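Per-entry structural report
As a plain string of letters, each chain reads:
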Amino acid sequence: MSERSTLEVPVGLEEEYYQINPDILQSFSKFRPPLNIYRFLEPVSRITPYYKVGDRLSKEQSQELADLVAQGTIFVSRADHSVYVKHISYQLDLVLLDKHLTESEIADIFQIALTRRMEAFFDQPVRIVYDKVREDVLVLTEYVWEDFNRTKALAKRLHTTHSLPNHAVNCGLLGLHLFLAGQSDSFRDSKNARNILDRSLLGLFLHDLGMTRVPAMIRDKTKTLLPDEMQKIRNHTMAGYEMLTRIDIKFTEMERCVSEHHERLDGSGYPQKLTIGNISELGLLAGVVDSYCAMLTKRAYAPAMEPLAAAKKLFDDSRRYPTDIVKRLIAMVANQK
């Protein structure tokens, strides 16, 4: 990779433009980049158009563009944010390389990429597709490992309408924030901390895996469920557990998220009617984010609730939901207002 020059970018320029990283450029089509490109003219300190989307670069122009990127003088407009985000979302590890993206912009990229991955996995829950989900989730944990405060922007990127993939992403992003907010200062240095984070987050994303075995007409039914339909819903936790086994996933953290996210402190949950002291901390966390994210989105049978109202509803049901986790949730929601 060519070394970049120490270009002095004018104050305010990066509020309107991204400075392209050489690795990002390599991910573009060599002769037809997917968005408009601009060049910074250092002698006069201004931006000028360099390439218009839809045109074709010659071989010589393509090489010149690479050289200019290495010099740090090539930019794209933040007005093309949606195009840029979509492009990077297909090669998620690029977010670890581009230091010019804001945390909010990176959160957008993760939401888009992980939603697409979960759509593919729920459509075809087999090992080869799961491996792609795992790959992207590990990019996410690598990103937040550098700074746990990055989860705040991610927790704001929740879908507002319900679908299984949307719900999975909402629970994953919110659960990641609440999980790390509940850890001690020494967590990062504790044994196997990174593996625990990786597996816990995968469990939060996959907790509702068994719902793929419930017909959509039952999941989205607007009328009262019949007894056999309700049983199919209740069977989804164990169905998900069996699916993990079938695709050879044997991590305790993931198993607990899948099998315990409907257990409740007072024993009123399912499938085992576990009570306080018998439900894992991760299972309790999964239960809180599952319930909260369900209430937060517009569903076929219920409107979306306001975030603080949904969180307080869980707090008022302290017999069933753990107060410490719900308090973390309320604090997060209050800080977002």
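Below you will find a few notes about this structure. (Residues numbered from 1 in each chain as written. Predicted model: local features only at pLDDT ≥ 70, side-chain atom pairs only at ≥ 80, totals over all residues. Heavy atoms only, no water.)

Section: the sheet that holds strand E4 (residues 74-77)
Taking strand neighbours across the sheet as the criterion, the four strands line up as E1-E4-E2-E3 in an open arrangement whose pairing is antiparallel. Each having just a single partner strand, strand E1 (17-19) and strand E3 (46-51) make up the two edges of the open sheet. Going across the sheet, the axis of each strand differs from the next one's by a mean of 40°, ignoring polarity. In this sheet, E4 lies alongside E1 in antiparallel orientation, the contact comprising three bridges. (Pairing = 2+ DSSP bridges. Helix = DSSP H or I, 4+ residues; strand = E, 2+ residues; numbered from the N terminus. Axes fitted to C-alpha atoms, helices over the stretch in contact; angles between N-to-C directions.)

Looking at the pairing of E4
A regular strand places its side chains so that they alternate between the two faces of the sheet. The alternating pattern of E4 places Ile74 and Val76 on one face and Phe75 and Ser77 on the opposite face, and all of these are buried. Both strand E2 (residues 37-41) and E4 contribute to a ladder of two bridges, which runs antiparallel. Within the sheet, the bridge partner assigned to Tyr38 lies in E4 and is Phe75. (Buried < 20%, exposed > 50% of the residue type's maximum accessible area, 1.4 Å probe, protein only.)

Some remarks on the pattern of salt bridges
Applying the stated criterion across every chain, the model contains 13 salt bridges. Two residues, Asp108 and Arg157, come together in a salt bridge whose shortest N-O distance is 2.6 Å. Taken together, the residues span a long stretch of sequence, with Asp108 in helix H4 (residues 103-123) and Arg157 in the loop between helix H6 (151-154) and helix H7 (164-181) at a distance of 49 residues. For the pair formed by Asp108 and Arg157, the shared burial category is buried. Glu146 is paired through a salt bridge with Arg150; the nearest N and O atoms lie 3.3 Å apart. Arg150 gets classed as buried once you look at its relative accessible area, which sits at 18%. (Salt bridge = Lys/Arg side-chain N within 4 Å of Asp/Glu carboxyl O.)

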